[in-house]
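What follows is the residue order along each chain.
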Amino acid sequence: MRYVDTAEPPEPIDVSKEISDLLETEAEIAETWQKIIEAIGQLINTDDGSKCDIAGTLQSHYQAYTMKTLYDVGTVERMQEGKTYPVGTILIILSAISNNTEPVKYCRQAAKGNDRFAAVIVDDRYNSSYIYHSICNVFDDFRRKYVTTINLQFGVLKHLKFCVHDDRRTQDSIATELDLRQMEIEREQQQLEAWRNVKKYFLENMFA
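Residues numbered from 1 in each chain as written. Predicted model: local features only at pLDDT ≥ 70, side-chain atom pairs only at ≥ 80, totals over all residues. Heavy atoms only, no water.

Engineer: Which residues make up the overall build of the chain, and what values go with them?
Structural biologist: Check the secondary structure of the chain and you find five helices and eight strands. Helices and strands appear in the chain in the N-to-C order α-α-β-α-β-β-β-β-β-β-α-β-α. Just so you have it, the chain exposes about 13,600 Å², and 52% of that area is on carbon and sulfur atoms. (Helix = DSSP H or I, 4+ residues; strand = E, 2+ residues; numbered from the N terminus. Areas by Shrake-Rupley, 256 points an atom, 1.4 Å probe, with all protein chains shown as cover.)

Listed below in structure tokens is the structure:
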């Protein structure tokens, strides 16, 4: 019997496109940093133009928080196939969670139902992005304690507890800062992947 290699060769890397994408990503990173600087400036400057005690202001707001469960901040259900969930819905994976590196997801676009996930539709009283970051902050400890098999049982979500700042403006400011940093992380990851492709291209053509 003769072995026939049926594997398809990888698509050639378009190095000019990769470099163009890198330049575009670097411009986006610079823009994000500008937004971060502007956000910090808004925290420091008061309405009368004077400078505030940013450390004291943040401390007074950030110390006022309450422990919450998912059911305190919104509607929690196992996703229904065919149902559309709104922007801002938080998804928690239930099936094969032990092998998943991103068990909690935030819907920046409307999402179709998938019964592998639980959906948290956050009340208008709370900033949904802030709630997402608060859940992510405690989820690893929660998973270690309550996930005993490959799957997460829907019923144990009632035990997921996290801190929520009482002041909505504080929630908004924290969410804005964390979202900007998340964008920065994602763009850095895109940039890293592009550089890997450029390196791969030159290695493959080193002796061409």
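This is not the end of the story, as more comes after the structure.
Engineer: Mind laying out the nonpolar core, listing which residues take part and the relevant values?
Structural biologist: Ranked by internal contacts, the top residues of the largest apolar core, which has 35 residues, are Leu 70, Ile 92, Ile 131, Ile 135, Phe 139, Leu 152 and Leu 157. Only α3 (70–73), β4 (90–93), β7 (117–122), α4 (128–146), β8 (161–165) and α5 (168–204) provide two or more residues apiece to this core. Looking at this core element by element, the count peaks at six residues for α4. When near neighbours in sequence (up to four residues on either side) are disregarded, Leu 152 contacts Ile 92, Ile 93, Leu 94, Ile 97, Phe 139, Phe 142, Val 147 and Leu 157. (Core = buried A, V, L, I, M, F, W, Y, C linked by side-chain atoms within 4.5 Å. Buried < 20%, exposed > 50% of the residue type's maximum accessible area, 1.4 Å probe, protein only. Contact = heavy atoms within 4.5 Å.)

Engineer: A description of the pattern of salt bridges should follow, citing residues and the corresponding values.
Structural biologist: Counted by the stated rule, this structure contains 10 salt bridges. With a shortest N-O distance of 3.5 Å, Lys 105 and Glu 102 are connected by a salt bridge. Its salt-bridge partner being Asp 140, residue Arg 143 comes within 3.7 Å of it at the nearest N-O pair. In this pair, Arg 143 and Asp 140 both sit in helix α4, three residues apart, roughly one turn of the helix. (Salt bridge = Lys/Arg side-chain N within 4 Å of Asp/Glu carboxyl O.)

Engineer: Any chance you could break down the sheet that holds strand β5 (residues 104–106) for me, citing the residues and the numbers?
Structural biologist: The strand order β2-β7-β4-β5 describes an open sheet built from four strands, whose pairing is antiparallel. This sheet does not close on itself; its edge strands, each paired only once, are β2 (74–78) and β5. If you compare each strand with its neighbour and ignore which way they point, the axes differ by 20 degrees on average. Where β4 meets β7, four bridges bridge the pair, whose relative direction is antiparallel. When the sheet's bridge partners are listed, Ile 90 is paired in β7 with Val 120. On top of the sheet, α4 reaches β4, β5 and β7; it is set at about 165 degrees to β5, its chief contact. (Pairing = 2+ DSSP bridges. Axes fitted to C-alpha atoms, helices over the stretch in contact; angles between N-to-C directions.)

Engineer: How would you sum up a nonpolar patch on the surface? Please name residues and give values.
Structural biologist: Together, Leu 203, Met 206 and Phe 207 make up an exposed nonpolar region whose accessible area comes to about 390 Å². Along the polypeptide, Phe 207 turns up in the segment after α5. (Patch = residues over 30% accessible without salt bridge, like charges linked within 9 Å, V, L, I, M, F, W, Y side chains within 5 Å.)

Engineer: Quick rundown of the packing of aromatic side chains? Include the residues and the values.
Structural biologist: Applying the stated criterion to the full structure yields four aromatic pairs. Pairing Tyr 106 with Tyr 132 gives two aromatic rings, centres 5.6 Å apart and planes at 45 degrees, and the pair type is tilted. Of this pair, Tyr 106 sits in strand β5 while Tyr 132 sits in helix α4, placing them 26 residues apart in sequence. You can call Tyr 106 partly exposed: its relative accessible area is 22%. Arranged with centres 5.5 Å apart and planes meeting at 50 degrees, the rings of Phe 139 and Phe 142 form a pair that is tilted. With Phe 139 and Phe 142 both in helix α4, this residue pair falls three residues apart, about one helical turn. Residue Phe 139 is classed as buried on the basis of its relative accessible area, which comes to 2%. The structure contains a cluster of three or more aromatic residues connected by ring pairs, namely Phe 139, Phe 142 and Tyr 146. (Phe/Tyr/Trp six-rings, centres within 6.5 Å; stacked < 30°, edge-to-face > 60°.)

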